[in-house]
Amino acid sequence: MLKRKIPIKRLNKFFGSDDFSIELSMGEEWLHGDMDFKLVLFRVDRSKSGDDEIYAESEKNNLHFHTPIEFNGLVQINEPTNEFYGNGMMRDMEAGNLQVSVYVHHLKEKGVDISYGDIIGYYENEDRVRYYSVFNDGKITSDNKHTYGGYKKFYRTILASPVSNDFFNG
Amino acid sequence: MGLPKRKNNIDVYPGKTLYERRKEILSRITDQDSKLPEPVLHSDLDKGFLDFAKENFQFELSGNQLNFISKLLTIQRWGEISSSSDFLDNDEKLELPFVSIIRRPDTQFGTNPALQYTIPNRRPVYYKTVKNFDGNRIGADVYQIPQPIPLDVFYDVYIVSNRLREINEFNRKIMREFSSRQNYVEVKGHYIPVVLEGVNDESPISNTEKRRYYMQVYNFNLLGFLIDDEEFKVTPAINRNLLVTELSGAPLKTKLTDKKSKVIRNLNVFTETFLSDGKTTSFTTKNKLNLLIYVSYNGQVLLQDVDFFHNHNTSNIILNFKPEKDSELIINYSNNTDLTDVDGNFRTIVYENFNIVPNQDTLYLNYTTDSLLFLDLNGQIQNQGVYYDHIPNTNEIKILKTSNYNDNIQVKYIPITNATPGMLSDMDLVITNFTITDNTTSFQLTGHYIIISNVTVNNVPFTKYTFNNKTLTFDVAPPIGSSVRIMYYVEDNINTNLTPYDFYTDTFLFDPSLNNYKLTYLVKDIIFVSINGLIVNTNEIILYDKTNNTISFEFLLFTNDEITIKYLIDN
């Protein structure tokens, strides 16, 4: 049985699906054309990676991924933190977290989803890429901020923290 | 119809009990392909607890199946979804009710009372002897394993639910399983106790403005242990026992060689080697030990009256300790009764002692010699041509190997010319050279009977000392860095029994008007003559007139020079 769909008619007197589409395409043109922040998504292949019968983790070099996909988003990277490992004497200079705002429509076009635990790569310069693990996949977009004036959701905010080369290195 | 047959083999206890049951459990642990127990490591304990929880904690209530995360979640985020993909909603959130097990990363040294510090130092203990066959003969291997390492592993079991009935049901199951405080987790045949330590409620139910649900945490402590197969030890057992008996006509105290090694200045010097049987402490030489040159034990020179005793006029050496079996005892001696050489001249044995300084490659003896009896380095006999070389008819000894700072070398030799005029025929002259390094003022001398001859500090005669009970004590400590030489006579080896009353010392002040000096007693042997504290080394310039019992000098002296003569009284 098909799932029942309810048409969205709110703001109908001055804003409709055509307006939403044109605003979205203008936004995408700016973000993907003018800004052109490129990222690479490494989606964990969970059906192949979970071969450990006790722990929900994988050995080094035994984490399986789907084919990497390039996508566009608005990138913000926090300042790095300079701390110690615990109360020890070993310095831990840690890169800041990654925040990516990505159009839902763009992900649909690419035919991908971003889930908790996936890896995102971001080229800081030509030969240096840093990888981040998604800790907030932004799937819940019910808040006003992620909807276009309350009409419909149109983007997701993905939060990810840097990973060490021991865990993932491309 | 007849009566039914009476059953007399009713099995009330379907399984094995007591000793048989213990044997059954043991066989599950030990009957492995490798004949050794399976290793039990952290992951095995975790799997055991996980299986135990899956089997005992799951339930279904009103058609609502408890979702159970079947793996231990770790810091790898992707694992949460893959372990719970069957009960995720559209937002990829876990559907309630669910149970998740968190293992605390810190595992502690165990509190299992059966394994507390009973066998120290990981010493492996006997486990089993296993037959083997190498293709030719049957043998055996001995398997040893150390005591398992106790380990406490802590688990937090979370239940998250929207209904109190589900919380109750879960609690009922846990309480039933742990009504006796502990239950047992089976890990590779071992039954390992697990203890319920407490229950905490972390339900966010007090906040009216947020989603409300129940969340409770059950804390468990698994009193486990580690069996680490890297510590297993397999050693071949004895598979052939070869018994060899060596028969010999000689007694156990075997004399290896008995050779007259050489004749040194008319002395017949013997070297006899004994192989110890580990029991005997008394060793007898073939000839009388009239002149004992040295006794060594495995190359180490022994001290008379300390390490061994020798009764005069005998052939016996008695050790003061029990030598180890097969150790080597060498006795170097002469059977001559005096040291008169082929020309009829009496010779002295000189025993000289050196402390080596860095880069020193030559030792200069006080007297020229062609008869080196032995040289030892820190008490260890050294071979000529290997450690040192002596150029005959000189007083030089070349050291061929690098020595360490402050190595001690002792040399025993017979000078070509007599060391002192009219030297006492049965005493050795000992010369000790050393450098003052601290404020020590007392120096212990060794020997059976000692007469101090001459002491110099930086080559200047030094008289401010006392000598008592083989200890020479300076009144004032010489400056650090001073070189000290102590010359003394030792009645050690020749068969005499002297006492202090056998000696006398006469002192005169030189008077140019006198031709000779009258001595108090008749002289049997002159020990030494000194002028102003310096020993006089030649007998050609000192004349003793036995008829008149006077002494005269043929060399230049000055008025009031102090002449000292020490001699053995002729009774």
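**Structural notes on the overall build of chain A**
Thinking step 1. When its secondary structure is counted, chain A shows 3 helices and 10 strands.
Thinking step 2. Listed N to C, the secondary structure of chain A is α-β-α-β-β-β-β-β-β-α-β-β-β in terms of helices and strands.
Thinking step 3. Considering chain A as a whole, with its 170 residues, one finds that 39% of them fall into the buried category.
Thinking step 4. A separation threshold of at least 6 residues defines the contact pool for chain A, and within that pool the share at least 24 residues apart is 63%.
Thinking step 5. For chain A, the exposed area adds up to about 11000 Å²; of that, 49% sits on carbon and sulfur atoms.

**With respect to the pattern of salt bridges**
Thinking step 1. Scanning the model with the defined rule gives 17 salt bridges over all chains in all.
Thinking step 2. Taking the shortest distance from any N to any O, the salt bridge between R104(B) and D156(B) comes out at 3.2 Å. Here R104(B) is found in the loop between β5 (98-103) and β6 (108-109), whereas its partner D156(B) is found in strand β9 (residues 149-161), with 52 residues between them in sequence.
Thinking step 3. Residues joined by salt bridges that share partners form a network here, namely D113(A), K139(A) and R156(A).

**Some remarks on a positive patch on the surface**
All names here are of chain A.
Thinking step 1. Taken together, the side chains of K5, R10, K108, K152 and K153 define a basic patch exposed on the protein surface.
Thinking step 2. By the secondary structure assignment, K5 is in the segment before α1 (17-35).
Thinking step 3. Using a relative accessible area of 77% as the deciding quantity, one classes K5 as exposed.

**Some thoughts on the packing of aromatic side chains**
Thinking step 1. Counted by the stated rule, this structure contains 28 aromatic pairs over all chains.
Thinking step 2. Ring-pair connections join several aromatic residues into one group, and the members of that group are F49(B), F52(B), F57(B), F59(B), Y155(B), F170(B), F178(B), Y218(B) and F220(B).

**Observations regarding a nonpolar patch on the surface**
All names here are of chain A.
Thinking step 1. On the surface, a nonpolar cluster with roughly 260 Å² of combined accessible area is contributed by W30, M35 and L74.
Thinking step 2. Tracing the backbone shows W30 in helix α1.
Thinking step 3. A relative accessible area of 41% places W30 in the partly exposed class.

**What about the pairing of strand β7 (residues 125-133) of chain B?**
A regular strand places its side chains so that they alternate between the two faces of the sheet.
Thinking step 1. Relative to strand β8 (residues 138-145) of chain B, β7(B) runs antiparallel, the two being bridged by 8 bridges. In the strand pairing of β8(B), T129(B) is matched with V142(B).

**A closer look at the sheet that holds strand β19 (residues 308-309) of chain B**
Thinking step 1. Read from one edge of the open sheet, 3 strands run β16-β20-β19 (chain B), paired in antiparallel fashion. Of all strands in the sheet, those bounded by a partner on one side alone are β16 (282-284) and β19 of chain B.

**Structural notes on the pairing of strand β6 (residues 91-94) of chain A**
Residues and elements named next belong to chain A.
Thinking step 1. By the bridge criterion, 4 bridges tie strand β5 (residues 81-84) to β6 in an arrangement that is antiparallel. Paired with E83 across the two strands is D92, which belongs to β6.
Thinking step 2. Here β5 hands over to β6 after 6 residues, with G86 in that stretch at a positive phi of 60°.

**Brief notes about the environment of I451(B)**
Thinking step 1. Within the secondary structure layout, I451(B) lies in strand β30 (residues 450-457).
Thinking step 2. Note: C-alpha distance between I451(B) and V490(B) (39 residues apart in sequence) is 6.6 Å.

**Details of the interface of chain A and chain B**
Thinking step 1. In this complex, chain A contributes 24 residues to the contact, which on the side of chain B involves 22 residues.
Thinking step 2. Roughly 2000 Å² is buried in total at the junction of chain A and chain B, and carbon and sulfur atoms are behind 60% of that figure.
Thinking step 3. Put simply, chain A and chain B have 0 salt bridges between them.
Thinking step 4. Broken down by secondary-structure element, the contributors of at least two residues to the side of chain A that touches chain B are α2 (46-49), β2 (55-56) and β9 (128-136) of chain A.

**What to know about the sheet that holds strand β10 (residues 155-162) of chain A**
Residue and element names in this part refer to chain A.
Thinking step 1. Strand order in the open sheet made by the 7 strands is β3-β1-β8-β9-β10-β7-β4, with antiparallel pairing throughout. Looking at which strands have only one partner, the edges of the open sheet turn out to be β3 (69-72) and β4 (74-77). The sheet shows a mean angle of 35° between the axes of neighbouring strands, taken without regard to direction.
Thinking step 2. Here strand β8 (residues 119-125) runs beside β9; their pairing, made up of 6 bridges, is antiparallel. Paired with N125 across the bridge in β9 is R128.

**Some remarks on helix α4 (residues 164-177) of chain B**
All names here are of chain B.
Thinking step 1. For α4, spanning 14 residues, the distance from its first C-alpha to its last is 20 Å, which sits close to the expected 20 Å at 1.5 Å a residue.
Thinking step 2. Where α4 is concerned, the buried positions are E166, I167, E169, F170, K173 and I174. Mapping the buried residues of α4 onto a view down its axis gives an arc of 165°, with all of them on the same face.

**Here's the deal with α1(A)**
All names here are of chain A.
Thinking step 1. Taking 1.5 Å per residue as the helical rise, α1 with its 19 residues ought to reach 27 Å, and the 25 Å between its terminal C-alpha atoms agrees with that figure.
Thinking step 2. Regarding α1, the residues found buried are F20, L24, G27, E28, L31 and H32. Along the axis of α1, the buried positions cluster into a sector of 110°, meaning they face one direction only. Within α1, the exposed residues directed more than 90 degrees away from the buried face are D18, E29 and D34.

**Quick look at unusual backbone geometry**
Thinking step 1. Here the amide bond leading from L96(B) into P97(B) is cis, since omega sits at -5°, within 30 degrees of zero.
Thinking step 2. For P97(B), the position within the fold is in the loop between α3 (78-83) and β5.
Thinking step 3. Notably, L11(A) is not glycine yet its phi reads approximately 60°, a positive angle.
Thinking step 4. Although it is not a glycine, D326(B) sits at a positive phi angle of roughly 70°.
Thinking step 5. Topologically, D326(B) is positioned in the loop between β20 (316-319) and β21 (328-334).
Thinking step 6. By relative accessible area, D326(B) is classed as partly exposed at 48%.

About the criteria used
- Residues numbered from 1 in each chain as written.
- Chains lettered and ligands numbered in written order.
- Predicted model: local features only at pLDDT ≥ 70, side-chain atom pairs only at ≥ 80, totals over all residues.
- Heavy atoms only, no water.
- Helix = DSSP H or I, 4+ residues; strand = E, 2+ residues; numbered from the N terminus.
- Buried < 20%, exposed > 50% of the residue type's maximum accessible area, 1.4 Å probe, protein only.
- Contact = heavy atoms within 4.5 Å.
- Areas by Shrake-Rupley, 256 points an atom, 1.4 Å probe, with all protein chains shown as cover.
- Salt bridge = Lys/Arg side-chain N within 4 Å of Asp/Glu carboxyl O.
- Patch = residues over 30% accessible without salt bridge, like charges linked within 9 Å, V, L, I, M, F, W, Y side chains within 5 Å.
- Lys, Arg positive; Asp, Glu negative; His and termini not counted.
- Charge placed at Lys NZ, Arg CZ, Asp CG, Glu CD.
- Phe/Tyr/Trp six-rings, centres within 6.5 Å; stacked < 30°, edge-to-face > 60°.
- Pairing = 2+ DSSP bridges.
- Buried area = accessible area lost by both parts, 1.4 Å probe.
- Axes fitted to C-alpha atoms, helices over the stretch in contact; angles between N-to-C directions.
- Expected span 1.5 Å × (residues − 1).
- Arc of directions from axis to C-beta.

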